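# Chains, contacts and geometry: an overview
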Amino acid sequence: MSFKSGLLTINLLGLVATVYSAVIDHPQPELNANGPIGDLVFVHAFYRHGDRNPVLQGPGDHYDISYWPEGWGQLTNLGKRQQYELGQWFRRRYSHFLSSTFNVNDIYVRSSDVDRTLMSAQANLAGLYPPTGRLIWNEDLNWQPIPIHSVPENIDYLIGGSIPPCVAYENALNEYARSTEMLEFYGSVQPFYEYVSEHAGTIVNDPTALLLLRDSWFCQSIHNLTLPEWTKPLFPNNPEFDDAAMKFYAMSAATKYLSKFRTGFLLKDILDRFTRKAEKTLSPDAKMWMYSTHDSVLFSFLSSLDISDGNFVPYAAAIILELRIYHNHYYVQIFYKNSSTETPMPIRIPRCGNICPLSKMYDIYDDILPKNDFKTECQNIDEK
């Protein structure tokens, strides 16, 4: 055997040994697996509140507050049932994982500081943890109080319905609103503005108003209120109008920089908590973290992670991230429960698969994960 062929053989053997060692040290589960892989370690879920009244009276809308006795934007009885049923679904899904009775070491719940999300969290927990045995404190009431945490809206940059005051974000959003893309969008929806303005009796000229109108019509249709004839060309079966109304959500995370504020802090919050759980430094060391929030938060999260289905987020929809351990390595799976489907399938994570190493999640989404705290990032007006 010549020197060159001998050297080649040695190099190939070395390469095989290296690859074999890597496989042994870092075993890879089937990245396109549709079922659970390894053992469940931790769950982080966040969901949209249940059905609510319109948040405001829209342009040309003759259904005033007298039709919505709970108040603008308040949770309805239907919304309470939706969240109660979602809580029961969580119980069925994680009955093997969570304690059968409420335990402070099981779950930590946080809500945005808004009535409908706070009430949704309460209804959800009623379905997840009905009192049993010694925890029954009132024979006439199948319910028990469970802690729900919150912070004021004006400082809630994780799960608030909108971003708190932030100069860097606001400057970037205003700049995007003046971009060529948005100017073209304004031109494309001008016929909608003109049609609505003519029939509503007031000038309508921005995506927020279109979203407000569509939202009002959606709420009215759910609660069997008759819509004016002039709305029929626009709702409920006009995809172009839906896209125009949806632009309000899309704008808030339309660029990687905007996504850093709208979703990056939330994603980092979750991934860092997963890391602390894996390192056994999480405090409180719960099994599940749960956030009660808004459709804008879920929509931006799905969009920013490039896993969106392009549709509006329904009431009581939930995004679930599961941390799993497989051969001493930690992996993440993401699920989106947006219907009555009992078992949602894992979402394919871009550049990774249906299950992704925890460490790789940081790499994949590095361009939207913040490198500083919220206050510092908001002051960094030179970065784009």
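Along each chain, residue indices are assigned from 1 in the same order as the chain's sequence is written. Selection of residues for local features in this predicted model requires a pLDDT of at least 70, selection of side-chain atom pairs for listing and counting requires 80 or more, and totals for whole chains, interfaces and linings are taken over all residues. With hydrogens and water set aside, each side-chain value is computed from the structure's full complement of heavy atoms.

### A look at the overall build of the chain
A count of helical and extended segments in the chain gives 12 helices and six strands. Viewed in the frame of its principal axes, the chain has a C-alpha envelope of about 90 × 65 × 40 Å. Of the contacts formed within the chain by residues at least 6 apart in sequence, a portion of 73% connects residues at least 24 apart. Surface exposure here means Shrake-Rupley accessible area, sampled with a 1.4 Å probe, where a residue is shielded only by the protein chains that are shown. On the chain, roughly 18700 Å² of surface is accessible, and the fraction owed to carbon and sulfur atoms is 54%. Charge assignment: positive for Lys and Arg, negative for Asp and Glu; neither His nor the chain ends contribute. For this purpose, a charge sits on NZ of Lys, CZ of Arg, CG of Asp or CD of Glu. Here the chain contributes 32 positively and 43 negatively charged side chains, and the mean placements of these two sets differ by 7 Å. Secondary structure is summarised from DSSP: a helix means a run of H or I of at least four residues, a strand means a run of E of at least two, and numbering begins at the N terminus for each. Residue contacts are counted whenever heavy atoms from the two residues lie within 4.5 Å of one another.

### Let's talk about the pairing of strand 1 (residues 39-48)
When a residue's accessible area, from a 1.4 Å probe over protein chains only, is under 20% of the maximum for its type it is buried; when over 50% it is exposed; and in between it is partly exposed. Where burial is concerned, most of strand 1 is hidden: nine out of the 10 residues are buried. Here, strands pair whenever DSSP counts at least two bridges between them. Bridge count for strand 1 against strand 4 (residues 318-326) is eight bridges, and the pairing is antiparallel. Along strand 4, the bridge assignment pairs Asp39 with Ile325. When strand 1 meets strand 3 (residues 288-293), the two strands line up parallel, connected through six bridges. Following the sheet pairing, Arg48 is matched in strand 3 by Thr293.

### Brief notes about the nonpolar core
Most often, soluble globular proteins keep nonpolar side chains buried together rather than apart. As used here, the term nonpolar core means buried Ala, Val, Leu, Ile, Met, Phe, Trp, Tyr and Cys residues forming a set that is joined through side-chain atoms within 4.5 Å. Counting 75 residues, the largest nonpolar core has Phe46, Phe261, Phe301, Ile319, Leu321 and Ile334 as its most contacted members. For this core, the element with the most residues is helix 9 (residues 256-278), which contributes nine residues. With 23 residues, the next largest nonpolar core counts Phe90, Leu125, Ala318 and Ile320 among its residues.

### Let's talk about empty space enclosed by the protein
Lining residues are those with an atom within 4 Å of a point, where the points come from a 1 Å grid over the protein atoms alone and group into cavities, where a 1.4 Å probe fits but cannot get out, or pockets, open sets with protein on both sides within 12 Å along at least five of seven lines. Grid points are joined across faces, edges and corners, and a volume is the space filled by probe spheres set on the points. Evaluation of the coordinates by the stated rule reveals one cavity of 30 Å³ or more. If you add up the space inside the largest cavity, you get close to 50 Å³. Contributing to the lining of the largest cavity are Pro59, Gly60, Asp61, His62, Leu213, Trp217, Gln220, Pro228, Trp230 and Thr231. Think of it as three bins: nonpolar holds Ala, Val, Leu, Ile, Met, Phe, Trp, Tyr, Cys and Pro, charged holds Asp, Glu, Lys and Arg, and polar takes everything else, Gly as well. Counted by class, the lining of the largest cavity contains five nonpolar, four polar and one charged residues.

### Digging into the state of the cysteines
Disulfides are defined in this document as cysteine sulfur pairs within 2.5 Å. Applying the stated rule across the entire model yields two disulfides. In this model Cys166 forms its disulfide with Cys378; the gap between the sulfur atoms is 2.1 Å. The S-S bond linking Cys166 to Cys378 shows a torsion near -110°; that makes this disulfide left-handed. Note that Cys166 is positioned in the loop between helix 3 (115-128) and helix 4 (167-177) and Cys378 in helix 12 (residues 374-379), a separation of 212 residues in sequence. Covalently, Cys352 is tied to Cys356 through a disulfide, its sulfur atoms 2.1 Å apart. Residues Cys352 and Cys356 are joined by a disulfide whose S-S torsion is about 95°; by sign, that bridge is right-handed.

### Remarks on the confidence of the model for the chain
When pLDDT drops low, the exact placement of atoms in the prediction is not to be read closely. Known as pLDDT, the predictor's per-residue confidence is scaled from 0 to 100. When pLDDT is averaged across the chain, the result is 91; 90% of the residues are at 70 or more. Across residues 1-26, where pLDDT falls below 50, the model places four contacts with residues more than four positions away in sequence or in other chains.

### Quick look at the environment of Gly133
Within the secondary structure, Gly133 sits in the loop between helix 3 and helix 4. Separated by 133 residues in sequence, Gly133 and Leu266 place their C-alpha atoms 37 Å apart.

### Side note on the sheet that holds strand 1
Ordered by their spatial adjacency, six strands build an open sheet running 2-3-1-4-5-6, and the pairing between neighbours is mixed. If you trace the sheet from one side to the other, it starts and ends with strand 2 (107-111) and strand 6 (356-357), each paired once. Note that strand 2 and strand 3 share five bridges and pair parallel. Across the sheet, Val109 pairs through a bridge with Met290, a residue of strand 3. Here an angle of 0 to 180 degrees is reported between the N-to-C directions of two axes, which are lines fitted to C-alpha atoms, with helices fitted over the stretch in contact. Strand contacts of helix 9: strand 1, strand 3, strand 4 and strand 5 (329-337), with the helix running at about 160° to strand 1, the strand carrying the most contacts.

### Overview of the packing of helix 7 (residues 207-222) against helix 8 (residues 239-251)
For the pair helix 7 and helix 8, the least separation of the axes is 8 Å and the interaxial angle reads 115°. As helix 7 runs across helix 8, the sense of the crossing is left-handed. Where helix 7 abuts helix 8, its residues Pro207, Thr208, Leu210, Leu211, Arg214 and Trp217 lie against Phe241, Asp242, Ala244, Ala245, Lys247, Phe248, Tyr249 and Met251. When its residues are assigned to classes, the contact of helix 7 with helix 8 shows 10 nonpolar, one polar and three charged. Each crossing is labelled by how the near helix is turned from the far one, with a counterclockwise turn of less than a right angle marking it left-handed and a clockwise turn marking it right-handed.

### Examining the layout of surface pockets
Each pocket or cavity is described by its volume, and for the largest pocket that value is around 730 Å³. The set of elements that each furnish at least two residues to the lining of the largest pocket consists of helix 4, helix 7, helix 8 and helix 10 (295-304). Ranked by the residues each element gives to the lining of the largest pocket, the list is headed by helix 7, at five residues.

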